[in-house]
Amino acid sequence: MHELASFAFNAYCDPDRLTDPLCGGLFFNDYFTGNVLYFVGAFLMNLGLLLFERLNPSESFRRRHLPVLLANAVVYAFAVFAYAAFDRVLVGLVYTVVMAAVAVAIGWPVRRSFQR
């Protein structure tokens, strides 16, 4: 739905002036519906991983693994930031704030023993 709406919107409508209901619907399906579905999926995928790790902590994590974990976190954070920073709608920004709040809430109780 998102890809079809994106193609039709960009091929047949003026992105700066929504002149008819069809273009308005295509804009909504392209920018809002597609992004919401994408970020709900990303949220649920990350939530599942965070909860699984919280309930069944890895026993093999050592301090030497921390640089790899931090590098991965930085790359992921910049990818989400780059996506959200240049998007016409604020769905990515909302996802970033909500996901950060959930990650902090899940990790806060075990902050002293981050290796677990």
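What counts and what doesn't
- Residues numbered from 1 in each chain as written.
- Predicted model: local features only at pLDDT ≥ 70, side-chain atom pairs only at ≥ 80, totals over all residues.
- Heavy atoms only, no water.
- Helix = DSSP H or I, 4+ residues; strand = E, 2+ residues; numbered from the N terminus.
- Buried < 20%, exposed > 50% of the residue type's maximum accessible area, 1.4 Å probe, protein only.
- Contact = heavy atoms within 4.5 Å.
- Patch = residues over 30% accessible without salt bridge, like charges linked within 9 Å, V, L, I, M, F, W, Y side chains within 5 Å.
- Areas by Shrake-Rupley, 256 points an atom, 1.4 Å probe, with all protein chains shown as cover.
- Salt bridge = Lys/Arg side-chain N within 4 Å of Asp/Glu carboxyl O.
- Expected span 1.5 Å × (residues − 1).
- Bend = angle between axes of the 7 residues up to and from the residue.
- Phe/Tyr/Trp six-rings, centres within 6.5 Å; stacked < 30°, edge-to-face > 60°.

Looking now at the side chain of Thr33. Along the chain, the position of Thr33 falls in helix H2 (residues 21-55). Classification of Thr33 as buried rests on a relative accessible area of 18%. Apart from the residues lying within four places of it in its own chain, the contact partners of Thr33 are Met1 and Phe28.

The next thing to look at is the environment of Val91. Mapped onto the elements, Val91 comes out in helix H4 (residues 91-107). Sequence separation between Val91 and Val36 is 55 residues; the distance between their C-alpha atoms is 6.5 Å. Excluding its chain neighbours within four sequence positions, the residues that come into contact with Val91 are Phe32, Asn35, Val36 and Phe39.

Taken together, Leu90, Leu93, Val94, Val97 and Val98 make up a surface patch of nonpolar side chains, about 450 Å² in accessible area. By the element assignment, Val98 lies in helix H4. According to the relative accessible area criterion, Val98 is partly exposed, its value standing at 38%.

Compared with an ideal rise of 1.5 Å per residue, which puts 35 residues at 51 Å, H2 spans 48 Å between its outermost C-alpha atoms and is within 8% of the ideal. The axis of H2 is deflected most strongly, by about 35°, at Asn29. Structurally, H2 contributes buried residues whose contacts are with helix H1 (2-12), helix H3 (66-85) and H4.

Let us look at the packing of aromatic side chains. For the structure shown, the criterion picks out six aromatic pairs. With a centroid separation of 5.3 Å and 25° between ring planes, the pair formed by Phe28 and Phe32 is classed as stacked. Within this pair, Phe28 and its partner Phe32 are both found in helix H2, separated by four residues, close to a single helical turn. Among the aromatic residues, those joined into a cluster by ring pairs are Phe9, Phe27, Phe28 and Phe32.

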